[in-house]
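Coordinates in review
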Amino acid sequence: MSRLNQAFVDTVRATGGNNGTRVLLITSYGANCSRNAMYGVKVPNDPYVGVSIHAYTPYHFPFYTGDAYDVKVWDGSREKEIDQVFKDINSVFLSKGIPVVLTEFGSESKTNRGGGENHPAERIKWIEYYITKATEYGVPCCHWDNGVYYADGERFGLLDRKNLTWFEPEYVETMVNAATKQE
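Presented here is a report on the structure given in the accompanying data block.

What counts, and at which threshold
Residues numbered from 1 in each chain as written. Predicted model: local features only at pLDDT ≥ 70, side-chain atom pairs only at ≥ 80, totals over all residues. Heavy atoms only, no water. Axes fitted to C-alpha atoms, helices over the stretch in contact; angles between N-to-C directions. Helix = DSSP H or I, 4+ residues; strand = E, 2+ residues; numbered from the N terminus. Parallel < 35°, antiparallel > 145°, perpendicular 65-115°, else oblique. Left-handed = near helix turned anticlockwise from the far one by under 90°. Contact = heavy atoms within 4.5 Å. Phe/Tyr/Trp six-rings, centres within 6.5 Å; stacked < 30°, edge-to-face > 60°. Buried < 20%, exposed > 50% of the residue type's maximum accessible area, 1.4 Å probe, protein only. Nonpolar A, V, L, I, M, F, W, Y, C, P; charged D, E, K, R; others polar. Polar contact = N/O pair within 3.5 Å; in protein donor to acceptor, adjacent residues only side chain to side chain.

Another point: the packing of helix α3 (residues 79-92) against helix α4 (residues 120-137). Their axes nearest at 10 Å, the elements α3 and α4 cross at an angle of 20°. What the angle tells us is that α3 and α4 run roughly parallel. The hand of the α3/α4 crossing is right-handed. Across from Glu79, Ile82, Asp83, Phe86, Lys87 and Asn90 in α3, the residues of α4 making contact are Trp126, Tyr129, Tyr130, Lys133, Ala134 and Tyr137.

What follows covers the packing of aromatic side chains. For the structure shown, the criterion picks out 14 aromatic pairs. Seen from their ring centres, Phe86 and Tyr130 are 5.8 Å apart, and the 80° between their planes marks the pair as edge-to-face. Here Phe86 is found in helix α3, whereas its partner Tyr130 is found in helix α4, with 44 residues between them in sequence. Judged on exposure class, the residue Phe86 and its partner Tyr130 are both buried. When the ring of Tyr149 is compared with that of Tyr150, the centres are 4.7 Å apart and the planes differ by 90°; the resulting orientation is edge-to-face. For Tyr149, a relative accessible area of 6% puts it in the buried group.

What follows concerns the packing of α4 against helix α5 (residues 169-180). It is at 8 Å that the axes of α4 and α5 come closest, and there the two elements cross at 20°. Compared by their axis directions, α4 and α5 come out roughly parallel. Where α4 crosses over α5, the two elements pack in a sense that is right-handed. Counted together, Arg123, Ile124, Trp126, Ile127, Glu128, Ile131, Thr132 and Thr135 of α4 and Glu170, Tyr171, Thr174, Met175, Ala178 and Ala179 of α5 form the full contact between these two elements. Among the residues forming the contact of α4 with α5, the class breakdown is 8 nonpolar, 3 polar and 3 charged.

Moving on: the side chain of Glu168. Along the chain, Glu168 falls in the loop between β6 (165-166) and α5. Polar side-chain contacts of Glu168 include one of 2.6 Å to the side chain of Arg123. A polar side-chain atom of Glu168 sits 2.6 Å from a polar atom in the side chain of Tyr149.

Okay, structure coming up:
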């Protein structure tokens, strides 16, 4: 993976023009946020390189798997898993001056899953904690929006592209407010 990341940076830089200083993102294997995956990243010696990470944390809250491990209530008992991801990001990258962007994260809607469960209030508590923690570390986040809200598959849709409205406006508002709140 490190050779691939270095080849990517070298190839883009060799094309000249604005590509000499264009910000480039490299990633861990599978964009994984595990400590081992992040420590495995060899960041090219380039002042315009950052790291892209995906962090659906804790896994059994953002995803609906239909098994006994699903976390349906965000009561704060799993916050330490989010805390650990950001501590690891800080230790491995931020503390060395290497910027990080969470290029994928989110919590899928539980609409019509498992007997009609949705739990929007639980997702709102989760997103507020998650974004507040990311903001504390200065890590920008891109919520994954695959356009799916009601259909089969992973329901990470935020924007109803047909009607140009939010599926769950309070979820989006909470995310924005947590990212922009002033101390």
